[in-house]
Structures are given as C-alpha cells and as structure tokens.
Amino acid sequence: MPQNFIECDREQAFLMPPSLREWLAEDHLAWFLIDAVAEMDLDGFYAGYRADGHGRAAYEPSMMVALLLYAYATKQRSARAIECHCRQDVAYRVICANRVPDHATVARFVARHERALAELFGSVLDLCAKAGLVSTGVVAIDGTKLTANASREANLDYARVAREIVAEARATDEAEDELYGEARGDELPEELRTSAGRRKWLREAKRDLEAERVAGEEPADEPASMPRGRAIDQGRRGWQRDARQRLDDRRKREANEAYEAYRARGISRDGRRFGGGPPSPHRVPETPTGKINTTDPDSRLLKAPGIGYVQGYNAQAAVNEKQIVVAAEISVDSPDFGHLEPMVEATTGELAKAGVPESPAVVVADAGYWHHEQMDSLAANGIAALIPPDAKKRKGARPGWQGPRYEWMRRVLSTELGQRLYRTRSQTIEPMFGHTKHNRGMSRFHRRGRSAARTEWRLITATHNLIKLHSHTLAAAMA
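To keep things clear, this report deals only with the structure shown in the data block. (Residues numbered from 1 in each chain as written. Predicted model: local features only at pLDDT ≥ 70, side-chain atom pairs only at ≥ 80, totals over all residues. Heavy atoms only, no water.)

Counted according to the given criterion, the structure contains 16 salt bridges. Here Arg77 and Glu456 are joined by a salt bridge, their closest N and O atoms 2.3 Å apart. Residue Arg77 is located in the loop between helix H3 (61–73) and helix H4 (79–88), and its partner Glu456 is located in helix H15 (residues 450–478); the two are separated by 379 residues in the primary sequence. With relative accessibility at 3%, the residue Glu456 sits in the buried group. A cluster of three or more residues bridged by salt bridges with shared partners is formed by Asp142, Asp366, Arg425 and Glu430. (Salt bridge = Lys/Arg side-chain N within 4 Å of Asp/Glu carboxyl O. Helix = DSSP H or I, 4+ residues; strand = E, 2+ residues; numbered from the N terminus. Buried < 20%, exposed > 50% of the residue type's maximum accessible area, 1.4 Å probe, protein only.)

Written out as structure tokens, the structure is:
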C-alpha cells in the first residue's frame, strides 16, 4: 500500500474567486490595522489630491496608510522591501487588495504626506485613549540617540567646505579650457553668426520641412524636459534651513547681550559680587565656526552612552505606566538638559488632542533632565517632577550640588513612595527603547532632515502603541 500524502498540485487553478477574508485569521494584526485606519481622521491625506477626479488615478490613501503602519510595525521601513513584501507576503497582499505599489510610489507618498503621517501619532493615541490605555498618573521622559542617514566623515568645517568649492570650480575651469580653448563654449555655429548666414540656414530648414511634408513624414516632437525629483523640492527646504540658521544667530546675539547685561550689574544671582573687571566684549568671528554635515545638515554629532559619538538625532519620548508613548519629538542637542518642560508641554498637548484633559500628575526622568526653572514651572502647574540630582555612574553626591533643593529631592527619592514612583521609569520607557531599537531594528533613520526624522520617529512610536493596543484587544477578547 503506497504512503498517504496530501496532494501538492501547483498547476491547480482556482475554481472560484478567492476571498481575502480566508487568507488571514480574524485576530491578525493586518485586519486590526485596517479597522484602526478606518477610525482615523485622514483628511490631511485626501486634501493633497484633486477633487475633480482629473489626472492619473492614485492609490487609496487609507490603503497606503494601513500599508505603512503595518510595514513599520513589522520592522520594514525600506520602500523596496515594502514592494517586495506586497508581492510575496499574504498580510501585505490583504492590505493592498492584491495590488502592488512600487517602491517609488511608496517613497513619494511618504515624502508628499510627511506632515500628515506625523500627525497619525495623535490619531493612534486617540484610539488608545478610547481603549483606556492612556493613563496620566506617572509619565516617564527620556531620550535615546539614533543614527542619522549620514556619515561622520561628511562633517566639514567652513575652511574645508570653501577649499572643496574652490577646488571644484578650478577643476571645472580647467576642463572647459581644455575643451573649448579660448572660446566661451556657448558661441553659435559659424554659419549662424551673421544675418546672411541665419537667413540661408532658415531657408534651407524651411525647404527640408516642405520636402518632409510632401513625403508624408512628420517630424517627431520631443517632450520638453522638466526638472523633477529633488531639484524641485530643494527650494523650500533651503529656505527653511536658512530661516533656522538666522533664528539661531538671533538667539545667540540675544543670549550674548543678556549675559553682558547680567555681568554689567556686577552682582550674581546668589548676591555675591563678580571679581575682576567687566567681561570682554563678544567678538563675531570673521569666518563661521563649527562643522556641518553635508549629507544631512540638520543632524549633529551626539555622544551616546556606551557607544561613543554618533551622527544622528536625540529622540525624545514620554511613556505612561502602561508603556503607551504619549509624546514623541526629535532634538539635535546631545544632552537632555532643557527638554523636561518642552516634553511635558508636548505630552499635555497630545493628551488634549486625544480627549484626555488631565495633565500628568508625576513626571520621572534621569539626572540629565535636572533644570531648576523648568522643575519650578512644572510644580507651579501642579506637576511633581522626580529627578535624582546624582547620576547612577557617580558614587555619592555630585560636587557642587549641595543645598536645600538637592537634599530635599534626595530625601524624597529615598522614601518608599519616591522609590516606587521612580521605579516606573525603568519599567516603562527603558523597555520601550530596548524593544524599539533591538527587537524592531529602529536604530537608524532612513530619511534625511529633521522634519523627516521626526515623522519617522513618530511613526515608529505610533506603531508601538498600535501593537500594544492590538495585544490589549486580544487579551480583552479572551478574558
């Protein structure tokens, strides 16, 4: 008796049209994301298309949004990888209804709807709030360094940039001199330099056209060449980059004027008089100082603990006790100092958009966020900030960090309640960073520019929240 196997006939055709509903289980993440996108406000995406229906048909924005969310949730951020999965992955084929958007379409959709994609974070947070996952008791704030799509070797100072520009111009001149000699290179042909020559050339061209018309041959029309791609997009980005540089220069001047006025008073904040004479006047350097990355000018060289220096961004996040990210922003500053109040304000704003009027009751952060004025401002708004004045890597108190304020915070954190509240930081935001960077492979941005990096970071955190919401929904269904 022969062995009994299930037949594998790859030539068998479908006798009935296949139903996509039978391809995936009902509790699959793909179906959950499709239903979640149906509840989101996508007006920002639809506003970018013509309302009269003219032009080439585009993919449905809701389908593209669901595709991107599922791709980011499953560690796929490359447009080419997404196209490949749309051909061979069942879940992707279900989301796209058996259509295959090519990688250029996916990349253009991300670039075209950059702002709307960043705002999806708020729509996802709204869904989490309706499910009861957005609590505002204790919120942990922290930052992590993520590598930009740029090389450290592309950091150049002003002198080197100037030398390379001059060298490139010299090489271009030498090549043109060798090609054209003493001529400019844009002169007209010899027969077109005189009026008589041009009339003769036009008569001959007219004669040739008439001969072709008689022979029934039509000259081929060449389409006018149009600049496309980045050649068009660079204009607005260049203006925005120039505006940011002017704003930074103005802030530096104002800070310098405030400092000189502060020194001119002769009395410090604690009442002591300054020693010596007045401060030396600030001298504006003749040439720009510092370095800029020519691949991604918005990125910075940041110091990452345990790694060294990386060319990238400081990704900031605020996470509640249920490991739901309630705020996600991008910074170019290496230290976390000064980001406490901005992140709390971002958290309050995101919660208000999600229909949660309450502000966080307690904010916990590591020693890098210690900031007198910002902590006082939060306390005035009824938000308690638990921040240790001493870092874990230092034994004992930090030199110079003595006084009533520091000692009071050390006593608060030494109590049972203080330890329990501060322990939520290591149980909420640190696992989120570890899961995002290690398990989901988000350690490097794919796109360049601060705005693009912010959109990518908010998509990553939004899909983190969607995965948490999906798990919560499954657990509730099984309970």
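This part takes up the environment of Leu120. Within the secondary structure, Leu120 sits in helix H7 (residues 114–130). Measuring from C-alpha to C-alpha, the distance between Leu120 and Asp366 comes to 29 Å, with 246 residues separating the pair along the chain. Not counting residues within four places of it along the chain, the set of residues in contact with Leu120 comprises Met40, Leu42, Phe45, Val65, Leu69 and Leu459. (Contact = heavy atoms within 4.5 Å.)

What follows deals with unusual backbone geometry. Across residues other than glycine, the phi torsion is negative in most instances, and most of the peptide bonds are trans. The backbone phi angle of Lys75 is positive, close to 70 degrees, even though this residue is not glycine. Residue position: Lys75 is located in the loop between H3 and H4.

Examined against the element boundaries, Asp142 turns out to sit in strand E1 (residues 138–147). Relative accessible area serves as the criterion here: at 7%, Asp142 is assigned to the buried category. In terms of polar contacts, Asp142 uses its side chain to reach the side chain of Arg425, at 3.0 Å. Not counting residues up to four positions away in its chain, the partners in contact with Asp142 are Ala315, Gln316, Ala317, Asp336, Asp366, Tyr369, Arg425, Ile429 and Phe433. (Polar contact = N/O pair within 3.5 Å; in protein donor to acceptor, adjacent residues only side chain to side chain.)

Another aspect to go through is a negative patch on the surface. Taken together, the side chains of Asp173, Glu174, Glu176, Asp177 and Glu182 present a region of like negative charge at the surface. Looking at the element boundaries, Asp173 is found in helix H8 (residues 158–180). Its relative accessible area of 44% is what places Asp173 among the partly exposed residues. (Patch = residues over 30% accessible without salt bridge, like charges linked within 9 Å, V, L, I, M, F, W, Y side chains within 5 Å. Areas by Shrake-Rupley, 256 points an atom, 1.4 Å probe, with all protein chains shown as cover. Lys, Arg positive; Asp, Glu negative; His and termini not counted. Charge placed at Lys NZ, Arg CZ, Asp CG, Glu CD.)

For the structure shown, the criterion picks out seven aromatic pairs. Between Tyr70 and Tyr92 the ring centres are 5.2 Å apart and the planes differ by 80 degrees, which places this aromatic pair in the edge-to-face class. Of the two residues, Tyr70 sits in helix H3 while Tyr92 sits in helix H5 (residues 90–95), which places them 22 residues apart along the sequence. On the accessibility criterion, Tyr92 (2% relative accessible area) is buried. Feature note: the residues Trp370, Trp401 and Tyr406 constitute an aromatic cluster, connected by ring pairs. The cationic tip of Arg21 hangs over the ring face of Trp31; the distance from NZ or CZ to the ring centre is 4.0 Å. One cation-aromatic arrangement involves Arg112 over Tyr49; the distance from NZ or CZ to the ring centre is 4.4 Å. (Phe/Tyr/Trp six-rings, centres within 6.5 Å; stacked < 30°, edge-to-face > 60°. Lys NZ or Arg CZ within 6 Å of the ring centre and 35° of its normal.)

So, on to the pairing of E1. Along any regular strand the residues' side chains alternate between the sheet's two faces. For E1, a buried count of nine out of ten residues is recorded, marking the element as mostly surrounded by other parts of the structure. Bridging between E1 and strand E5 (residues 308–320) involves nine bridges; their strand directions are antiparallel. In the strand pairing of E5, Thr144 is matched with Ala315. (Pairing = 2+ DSSP bridges.)

Counting residues in hydrophobic clusters, the biggest one holds 98 residues, and the most contacted among them are Met40, Leu69, Leu120, Ile141, Leu340 and Trp457. Residue contributions to this core peak at eleven residues, all from H3. (Core = buried A, V, L, I, M, F, W, Y, C linked by side-chain atoms within 4.5 Å.)

Relative to the 24 Å expected for 17 residues at 1.5 Å per residue, H7 spans 26 Å between its end C-alpha atoms, a close match to the ideal helical length. Among the residues of H7, Glu114, Ala116, Leu117, Ala118, Leu120, Phe121, Gly122, Ser123, Val124, Leu125, Leu127 and Cys128 are the ones counted as buried. Directly after H7, the chain includes Gly132, whose backbone phi takes a positive value near 80 degrees. (Expected span 1.5 Å × (residues − 1).)

Time to look at the side chain of Thr347. Mapped onto the fold, Thr347 is located in helix H11 (residues 340–353). On the accessibility criterion, Thr347 (1% relative accessible area) is buried. Setting aside residues no more than four positions away along its own chain, Thr347 makes contact with Ala318, Val326, Ala327 and Pro360.

For the rest of this paragraph, the subject is the pairing of strand E4 (residues 300–304). Two strands pair when backbone bridges link them, and E4 and E5 are joined in this way by five bridges, in the antiparallel orientation. Bridged to Lys303 within E5 is Tyr309. Where E4 folds back on E5, the antiparallel hairpin that results is connected by three residues, among which Gly306 adopts a positive phi of roughly 80 degrees.

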